[in-house]
Amino acid sequence: MTGSLRRIDRTGRPGRAERIYPAGKSIEPMREDELATAAVEHFEAAFEGPEIGLEEPYDHYGNRGSVDLYVRTKPPERIEYLVELKADPAVRMAGGANEILRQYRRMERYFYEDDAHDLRKRLGRDGPAVYLLLLFAPTARCVEHVHEHRRLYGSIDADVSIDGVPATRKVAFLTNLGDAAAGGLGFLSVNGGVEIGSAAFEDAVPDGSRLADALREAGVE
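A brief structural summary. (Residues numbered from 1 in each chain as written. Predicted model: local features only at pLDDT ≥ 70, side-chain atom pairs only at ≥ 80, totals over all residues. Heavy atoms only, no water.)

**Structural notes on the nonpolar core**
Nonpolar side chains in soluble globular proteins tend to be buried together. Counted only if it meets this: Nonpolar core, defined: a set of buried Ala, Val, Leu, Ile, Met, Phe, Trp, Tyr and Cys residues in which side-chain atoms within 4.5 Å join the residues together. Remark: exposure states derive from per-residue accessible area (1.4 Å probe, protein chains only) relative to the maximum for the residue type, with buried under 20%, exposed over 50%, and partly exposed in between. Helix and strand definitions here come from DSSP, where helices need a minimum of 4 consecutive H or I residues and strands a minimum of 2 consecutive E residues; each element is numbered from the N-terminal end. Note on contacts: a residue pair qualifies if any of its non-hydrogen atoms lie within 4.5 Å across the two residues.
In terms of nonpolar packing, the biggest core is built from 69 residues, with Phe136, Val143, Tyr153, Phe173, Ile196 and Phe201 touching the most fellow members. Broken down by element, the residue count for this core peaks at seven residues, all from helix α1 (residues 32-46). With sequence-adjacent residues up to four places away left out, Tyr153 is seen in contact with Ala97, Ile100, Leu101, Leu134, Phe136, His145, Val146, Val171, Val190 and Asn191.

Have a look at this one:
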C-alpha cells in the first residue's frame, strides 16, 4: 500500500523499524552493492528457492541494458521483481531525476521484449505478477535528491500492464536493512499519491529508523 511500510514478500505485512546509527549521528553514505547484498538476502529468506540474477542483461534489437536485481519466485504464485537500486554514488553522478527515470523506464519498456524474458506463461493470476521497483538508499543524499525531484517521482503511476500482465511500479526508500537476512526488508513508497514530505509520508516513517535520521539530517521533516 502506497505510503506505508511494507515487506517485499508474499504476506504484505508491515515491516519492523530498525536503527542502524544512534540518534544524532551522521548517516553514512551507502553503495549500490550494499543494497544489492541486502536485497538478495531478503529474497532468499522470504521465498523458497527463488531465481535471482544480479545485473541481469536484456537486449531488444540494440536496446541493451541490465537490471540491478531480477527475481522470479517459484510457481504456483510466480511473481517477478525487476529492481533498480540507487545509493549515494548513483545519485551523485546522475544528471538529475530524468536520467534515473529514463533508465527505469527503459527497463520497463525493453526487458520483456527480450526473448530470454517471457511473461505470457504467467497470465491469469490475481494481483500484480511483476513489480517494477526503483529503490533508494535511506541516506541524507538520497533523501535530498528524491525531495528535490519529488514532483517527478511522485507522478509515476503505480498501476501498469506489460503485455496484458498486471504489474505495479514502486519508487521508494528501502527500510529495515538490518532485517534483510530474516526476510524483513521493507520499502516506503513516494509515488502513487503519497509524496515525500507530506503528512501521510511522515506518519509512515518508522520512529528511530535510519530513514527517519536521514530525513532529519537532510532537513526534510
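Now, onward.
**Observations regarding the packing of helix α4 (residues 140-148) against helix α7 (residues 210-218)**
Basically, it comes down to this: Geometry is summarised by axes, namely lines fitted to C-alpha atoms with helices restricted to the contacting stretch, and by angles between N-to-C directions that run from 0 to 180 degrees. Roughly parallel here means an angle under 35 degrees, roughly antiparallel means over 145, roughly perpendicular means 65 to 115, and every remaining angle is called oblique. Here is the rule for handedness: rotate from the far helix to the near one, and if that takes an anticlockwise turn smaller than a right angle the crossing is left-handed, while a clockwise turn gives right-handed.
Relative to each other, α4 and α7 sit at 65°, their axes nearing to 8 Å. Taken together, the axes of α4 and α7 are roughly perpendicular relative to one another. Remark: the crossing between α4 and α7 carries right-handed chirality. Across from Ala140, Val143 and Glu144 in α4, the residues of α7 making contact are Leu211, Ala214, Leu215, Glu217 and Ala218.

**Some points on α7**
The buried count for α7 comes to seven of nine residues, which makes it a mostly enclosed element. Of the residues making up α7, those classed as buried are Arg210, Leu211, Ala212, Asp213, Ala214, Leu215 and Ala218. Following α7 by one or two positions, Gly219 has its phi on the positive side, about 75°.

**Considerations on the pattern of salt bridges**
Test applied: For this analysis, a salt bridge means a side-chain nitrogen from Lys or Arg found within 4 Å of a carboxyl oxygen belonging to Asp or Glu.
A full pass over the atoms with the stated rule returns 11 salt bridges. Here Arg31 ties to Glu34 by a salt bridge, and the two come within 3.8 Å at their closest N and O atoms. Residue Arg216 is joined to Asp213 by a salt bridge in which the shortest nitrogen-to-oxygen separation is 2.7 Å. In this pair, Arg216 and Asp213 both sit in helix α7, three residues apart, roughly one turn of the helix. Since its relative accessible area comes to 42%, Arg216 is described here as partly exposed. Look at Asp213 and you get buried, because its relative accessible area is 5%. One network of salt bridges, with partners in common, ties together Arg31, Asp33 and Glu34.

**Examining the environment of Glu28**
Along the polypeptide, Glu28 turns up in the loop between β1 (6-7) and α1. Counting along the chain gives 186 residues from Glu28 to Ala214, while the straight-line C-alpha distance between them is 9.3 Å.

**Some points on the side chain of Arg72**
Definition in use: Think of a polar contact as two N or O atoms within 3.5 Å of one another; within protein, one of them needs to be a possible hydrogen donor and the other a possible acceptor, and neighboring residues in sequence only count if both atoms come from side chains.
Within the fold, Arg72 resides in strand β3 (residues 63-72). In this structure the side chain of Arg72 is engaged in a polar contact, spanning 2.8 Å, whose partner is the side chain of Glu51.

**So, the packing of aromatic side chains**
What counts here: Two rings from Phe, Tyr or Trp (for Trp, the six-membered ring) form a pair when their centres sit within 6.5 Å of each other. Planes less than 30 degrees apart are called stacked, planes more than 60 degrees apart edge-to-face, and all others tilted.
Summed over all chains, the structure comprises 10 aromatic pairs. For the pair Phe43 and Phe47, a centre-to-centre distance of 6.1 Å together with 15° between the ring planes defines the contact as stacked. Assessed through its relative accessible area of 2%, Phe43 is described here as buried. Taking relative accessible area as the criterion, Phe47 reaches 5% and is therefore assigned buried. With centroids separated by 6.0 Å and ring planes inclined at 50°, the aromatic side chains of Phe47 and Tyr81 adopt a geometry described as tilted. Note that Phe47 is positioned in the loop between α1 and β2 (51-60) and Tyr81 in strand β4 (residues 80-86), a separation of 34 residues in sequence. A relative accessible area of 2% places Tyr81 in the buried class. Here a set of aromatic residues connected by ring pairs shows up, and it is made of Phe43, Phe47, Tyr81 and Tyr131.

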